[in-house]
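Below, each chain spelled out in residue letters.
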Amino acid sequence: MNRRQIHFRKFILLLCLGIFSTLSAQDQDEPRFLDNVRFGGGLGFSFGSDFFSGTLAPSAIYQFNNQFSLGVGLNGTYSSLKNEYTSTVLGGSILSLYNVIPEIQISAEFEQLNVSRNYDDRLGFENDNYWYPALFMGAGYTSNNVTLGIRYDVLYDDQRSIYANAWAPFVRVFF
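The structure displayed is predicted, hence computed values, not measured ones.

Core analysis: the largest hydrophobic core is formed by 7 residues, namely Val89, Leu113, Val115, Tyr130, Tyr132, Ala134 and Phe136. When contributions to this core are tallied by element, the ones reaching two or more residues are β5 (104–119) and β6 (128–143). In this view, Leu113 contacts Asn75, Val89, Leu90, Gly91, Tyr130, Trp131, Tyr132, Ile162 and Tyr163; residues no more than four positions away in its chain are not counted.

Attention shifts here to the side chain of Arg117. With respect to the helices and strands, Arg117 occurs in strand β5. Within the buried set, Arg117 has no salt-bridge partner at all; the shortest N-O distance to an opposite charge, 4.2 Å, is to Asp128. A polar side-chain atom of Arg117 sits 3.2 Å from a polar atom in the side chain of Tyr130. Ignoring sequence-local partners within four residues, the contact set of Arg117 consists of Thr86, Ser87, Asn127, Asp128, Tyr130, Arg160, Ser161 and Ile162.

Before going further, it helps to spend a moment on the packing of aromatic side chains. Counting across every chain of the model gives 8 aromatic pairs. Between Phe64 and Phe68, the ring centres sit 5.5 Å apart and the planes meet at 25°, which makes this aromatic pair stacked. Here Phe64 falls in the partly exposed class, since its relative accessible area comes to 47%. Judged by its relative accessible area of 30%, Phe68 falls in the partly exposed class. With a centroid separation of 5.2 Å and 45° between ring planes, the pair formed by Tyr119 and Phe125 is classed as tilted. These aromatic residues form a ring-pair network of at least three members: Phe33, Tyr62, Phe64 and Phe68. A cation over a ring is seen here: Arg151 above Phe136, with NZ or CZ 3.6 Å from the ring centre. Between Arg151 and the ring centre of Tyr163, over which it is positioned, the NZ or CZ distance is 6.0 Å.

What counts, and at which threshold
- Residues numbered from 1 in each chain as written.
- Predicted model: local features only at pLDDT ≥ 70, side-chain atom pairs only at ≥ 80, totals over all residues.
- Heavy atoms only, no water.
- Core = buried A, V, L, I, M, F, W, Y, C linked by side-chain atoms within 4.5 Å.
- Buried < 20%, exposed > 50% of the residue type's maximum accessible area, 1.4 Å probe, protein only.
- Helix = DSSP H or I, 4+ residues; strand = E, 2+ residues; numbered from the N terminus.
- Contact = heavy atoms within 4.5 Å.
- Lys, Arg positive; Asp, Glu negative; His and termini not counted.
- Salt bridge = Lys/Arg side-chain N within 4 Å of Asp/Glu carboxyl O.
- Polar contact = N/O pair within 3.5 Å; in protein donor to acceptor, adjacent residues only side chain to side chain.
- Phe/Tyr/Trp six-rings, centres within 6.5 Å; stacked < 30°, edge-to-face > 60°.
- Lys NZ or Arg CZ within 6 Å of the ring centre and 35° of its normal.

By themselves these figures say nothing about function.
Shown next as structure tokens:
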């Protein structure tokens, strides 16, 4: 090993020790970013003799204080009706939550979904693939980590929406 390699290794060792001592000397009372992040989401299944639908929708929020949170979510849904169609919906959302009082929460959520519907050829429908935006305004009752409520899609389009109605109940869980 030459001198240059020895000096380089000493430099790296001192740099690592400096970083480690800085990290370990941080004030323990100062919250870290992840201390204020809460994870949650939704999981849903529906099935019958000829029908299946499954949804996975994880989300994460950053709790700024006891009243306000902001976060993101993902949505993946697959559904099929035997010999008729299959549908895949993928997208994401931005979510804001505000607790007026600890028990009452209002929310706004913008969701952008890619909808892909493939119909059986014998039905005569054209396959669809399009983007659908939704803007939900909601209110709910919160107890511990669970909020039960209702939300309304102000951009609802009954021809293109994947939802049956502009009004939708929700259960929101964050840990």
